[in-house]
Amino acid sequence: MTSPFVSDVPTEQATAAWRAACRAAGCAERVDAVRLAVGEAVGRVTAEPVWALRSSPAFDSAGMDGIAVRAADTIGAAETTPVLLTEFEVVDTGDPLPDGYDAVVMREHVHHTGDGKAELRAAVPPYQHVRSIGEDISATELLLPEGHRLRPVDVAACAAAGAVELVVRRKPHVVVIPTGDEIRPIGTEPGPGEILDTNSLMLAAQAREIGCTAQVGAIVSDDPELITAALRDAAAGADLVILIAGSSAGRDDHTARVVAGAGTLAVHGVAVKPGHPVVLGTVGDTPVLGAPGYPVSAALTFDIFAAPLLAALEGTAPRERPSTTARLARKLASAIGTDDWVRVRLGRVRNEIVATPLPRGAGVLTSLVRADGLLVVSAGLEGHHAGEQVRVELLRGLGEIGRTIVAIGSHDLVLDVSASALRAADPLITLASSNVGSLGGLVALRDGLCHLAGSHLLDPDSGEYTLPYVDRLLGSSGIAVVRLVHRDQGLIVAPGNPLGLSGIEDLPRARYVNRQRGAGTRALLDHELGNRGIDPAQVSGYSREEHTHLAVAAAVSAGRADAGMGILAAARAFGLDFVPVAREPYDLVLRTDTFVDELLAPLWALLERPEFRAGVEALGGYSCAETGRRIR
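## Digging into the overall build of the protein
- For the protein, the helix and strand inventory stands at 17 helices and 37 strands.
- In terms of C-alpha radius of gyration, the protein reaches 33 Å, well past the compact-globule figure of 26 Å for 632 residues.
- Along the longest, intermediate and shortest principal axes, the C-alpha atoms of the protein span 105 × 70 × 45 Å.
- Among the 632 residues that make up the protein, the fraction classed as buried is 50%.
- Within the structure as shown, the protein displays about 27700 Å² of accessible surface, and the carbon and sulfur contribution to it stands at 52%.
- Within the protein, the 77 negative side-chain charges are centred at a point lying 5 Å from the centre of the 57 positive side-chain charges.

Given below as structure tokens:
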């Protein structure tokens, strides 16, 4: 197989083809076995069964502090007919049971008379509070099977059973090779068109996290001969080589050709998204994984292909994450024919786990940083509807998820500042906000998919913000509205305002970047355009959408747009200029029973703190005069 062009091989078929290629190339099925001191073996996988060399406990022992007695001597003891014992021995927990005795009476149940006798007011059965020899471990029994990943409790049990050393698999060794003329080492300042080598850092860390050793090679330029030499050199000393490139069919994507030329190309292109252009093959007797250049694709490719292979080399099963059922917060479309791995945020709302999809671009690394779970839309489905129950693989524990405040709606920097402040004050609290626009947030609240909906929707008929939409979508009963801030909205423009824009009326002569449909900022723009009789079609870039104020500012900062509507704080964050348009309220909408829920109590307390309010106002364009006030 020498074609450089990708195909759509199902994941299971791709894995089987790679395994077959590895067998044909003589790749090792297992890494070597080594002997380690029992105390150094945690995290390793047993290479042979562990048999108990001795019993534990090795003798009958006292299970409680008290006295050792003969059970027969206590027959008839009761509250009304106590028994006085003259023959007994005082013992502590763990002491060998003295010869001739077969039970222990707890210290609290013994009354010493002062003349050397012990009074008992209850009979005891034989072997009460006695740990019999071999109760925990019996000599010669199987303690652990081969292929068991050792935990702290396992090595403790092995030591108790007499083990001093354990035979385990050595750690598989992974070599990561970054390629590309545009790639620069971490710590350097990238120029235009250059990219920091974060993928190598991430993939090596993923390998170490699952118990492997990892080495990152020097960055190799886009020269097939140099890449081939680096690949062959790495393969000579690795159990798996990960070759990072934009392994599609682009003009500088040499991964598939290099693997085919240096060894065997088993697969190029898997029906998985993101991560479609993955390369699977061998060089010499070493498996090779060609990881796509986009970071999310690279990370998921490791999970899907590298982690199972490395676990197999240790002779054990891949580490599985727990999963749960969740209710999908919004519609999720997917292309048929490809397994679609979607990152989601999770929270517990009204006793249900709710999953909110994060941005799905293969280059959006922060979507993995913020993800609480992974949802796989199988190749045979076109997606899922909002409210549908889906299975989610957990990246955080359910306990943490249950302490997450779920906010869906309009984007505002104050929510990010609040999330950071809440976590700093209490590491158990998370505020997770998803940016779907004000209208989308109110709909999510209506459908029971969030705790808070951030909104600043302007009603053009009344001139009021948010409350008319609340009445129409949610009704006036059972709903609370809390003022978060007042903020300045306006046109974010390049430093010095080179086009001399003075307001909305000047947009037809600028390249514009818009917010998405349903966003309050978009509603404000449409209202202002209508007041001036400007057709949106006259605004170049009106159809180009971003989901946050910061994304709008980034587009202007990069010179891809002349102006975009946003908040002053976003303009300041990027060192841009600002043309004021309106001062508006930004509110948090929630159900009244949620308002008094203890989960949100830390948020309400935070909004009252003077230092928090001062920090918000220092961002620029904010007023906290009404912050925390319930307006409904």
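Once you've had a look at it, read on.
## Points about the sheet that holds strand E8 (residues 111-112)
- Spatial ordering of the open sheet is given by E5-E9-E8, a layout of three strands whose pairing is antiparallel. The sheet is open, and its two borders are formed by strand E5 (83-85) and E8, each paired with just one other strand.
- As paired elements, E5 and strand E9 (residues 118-120) share three bridges and run antiparallel to each other. If you follow Leu-85 over to E9, its bridge partner there is Ala-118.

## Some remarks on the sheet that holds strand E13 (residues 173-178)
- Taking strand neighbours across the sheet as the criterion, the six strands line up as E16-E13-E17-E21-E20-E18 in an open arrangement whose pairing is mixed. Single-partner strands in this sheet number two, and they are strand E16 (213-216) and strand E18 (264-268). Strand-to-strand twist of the sheet, defined as the mean angle between neighbouring strand axes without regard to direction, takes the value 20°.
- In this sheet, strand E21 (residues 286-291) lies alongside strand E20 (residues 279-283) in antiparallel orientation, the contact comprising five bridges. Of the residues in E21, the one forming a bridge with Val-283 is Thr-286.

## A look at the packing of helix H3 (residues 198-209) against helix H6 (residues 295-313)
- Two elements in contact, H3 and H6, have axes separated by 10 Å at closest approach and are oriented at 20°. Put simply, H3 runs roughly parallel to H6. Of the two possible hands of crossing, H3 and H6 adopt the one that is right-handed. Of the residues in H6, those touching H3 at Asn-199, Met-202, Leu-203, Gln-206 and Ala-207 are Pro-295, Ala-298, Ala-299, Phe-302 and Asp-303.
- Here the residues of the contact of H3 with H6 are counted per class, giving seven nonpolar, two polar and one charged.

## As for H3
- The terminal C-alpha atoms of H3 lie 16 Å apart, and with 12 residues this matches the ideal 16 Å at 1.5 Å per residue to within 8%.
- For H3, the complete set of buried residues consists of Asn-199, Ser-200, Met-202, Leu-203, Ala-204, Gln-206 and Ala-207.
- Trailing H3 by a residue or two, Gly-211 shows a phi angle of about 100°, which is positive.

## Focus on the side chain of Asp-239
- Following the sequence through the fold, Asp-239 ends up in the loop between helix H4 (224-235) and strand E17 (240-244).
- Of note is the side chain of Asp-239, whose polar atom sits 2.8 Å from the side chain of Arg-170.
- Within polar-contact distance, the side chain of Asp-239 engages the backbone nitrogen of His-173 at 2.7 Å.
- In this structure, Asp-239 is in contact with Val-31, Arg-170, Lys-171, Pro-172, His-173, Thr-286, Pro-287 and Leu-313, ignoring residues within four places of it in sequence.

## Digging into the pairing of strand E30 (residues 430-435)
- Counting buried residues in E30 gives five out of six residues, a clear majority hidden from the surface.
- Taken together, strand E29 (residues 404-409), helix H9 (residues 413-425) and E30 form a β-α-β motif whose crossover is right-handed.

## Observations concerning the nonpolar core
- Leu-452, Ile-492 and Trp-604 are the most contacted members of the largest nonpolar core, which totals 41 residues.
- Contributing elements (two or more residues each) for this core: E29, H9, strand E32 (479-493), helix H13 (549-557), helix H14 (568-573), strand E36 (577-591), helix H16 (601-608) and helix H17 (610-618).
- Residue contacts for Leu-452: discarding those within four places in its chain leaves Ile-405, Val-406, Ala-407, Ile-408, Leu-588, Val-589, Leu-590, Leu-600, Leu-603 and Trp-604.
- With 39 residues, the next largest nonpolar core counts Val-174, Val-272, Leu-300 and Ala-307 among its residues.

## Thoughts on the pattern of salt bridges
- Within the structure shown, the criterion is met by 35 salt bridges.
- A salt bridge links Arg-70 to Asp-73, with the nearest nitrogen and oxygen atoms 3.1 Å apart.
- Exposure remark for Arg-70: the relative accessible area of 27% places this residue in the partly exposed category.
- With a closest N to O distance of 2.5 Å, Arg-632 and Asp-471 form a salt bridge. With Arg-632 in the segment after strand E37 (622-623) and Asp-471 in helix H11 (residues 467-474), this residue pair connects regions lying 161 residues apart in the sequence.
- A single salt-bridge network, built from bridges that share partners, covers Arg-345, Asp-372, Arg-396 and Glu-400.

## With respect to helix H2 (residues 152-160)
- Where H2 is concerned, the buried positions are Asp-154, Val-155 and Cys-158. Take H2 and look down its axis: the buried residues cluster within an arc of 95°, on one side only. Away from its buried face by more than 90 degrees, H2 exposes Pro-152 and Val-153.
- Its buried side turned inward, H2 meets strand E2 (50-51), strand E11 (142-144) and strand E12 (165-169).
- Positive backbone phi, at 100°, marks Gly-162, one or two positions downstream of H2.

Parameters at a glance
Residues numbered from 1 in each chain as written. Predicted model: local features only at pLDDT ≥ 70, side-chain atom pairs only at ≥ 80, totals over all residues. Heavy atoms only, no water. Helix = DSSP H or I, 4+ residues; strand = E, 2+ residues; numbered from the N terminus. Rg over C-alpha atoms; globule rule 2.2 N^0.38 Å. Buried < 20%, exposed > 50% of the residue type's maximum accessible area, 1.4 Å probe, protein only. Areas by Shrake-Rupley, 256 points an atom, 1.4 Å probe, with all protein chains shown as cover. Lys, Arg positive; Asp, Glu negative; His and termini not counted. Charge placed at Lys NZ, Arg CZ, Asp CG, Glu CD. Pairing = 2+ DSSP bridges. Axes fitted to C-alpha atoms, helices over the stretch in contact; angles between N-to-C directions. Parallel < 35°, antiparallel > 145°, perpendicular 65-115°, else oblique. Left-handed = near helix turned anticlockwise from the far one by under 90°. Contact = heavy atoms within 4.5 Å. Nonpolar A, V, L, I, M, F, W, Y, C, P; charged D, E, K, R; others polar. Expected span 1.5 Å × (residues − 1). Polar contact = N/O pair within 3.5 Å; in protein donor to acceptor, adjacent residues only side chain to side chain. Right-handed = clockwise from strand over helix to strand, strands pointing away. Core = buried A, V, L, I, M, F, W, Y, C linked by side-chain atoms within 4.5 Å. Salt bridge = Lys/Arg side-chain N within 4 Å of Asp/Glu carboxyl O. Arc of directions from axis to C-beta.

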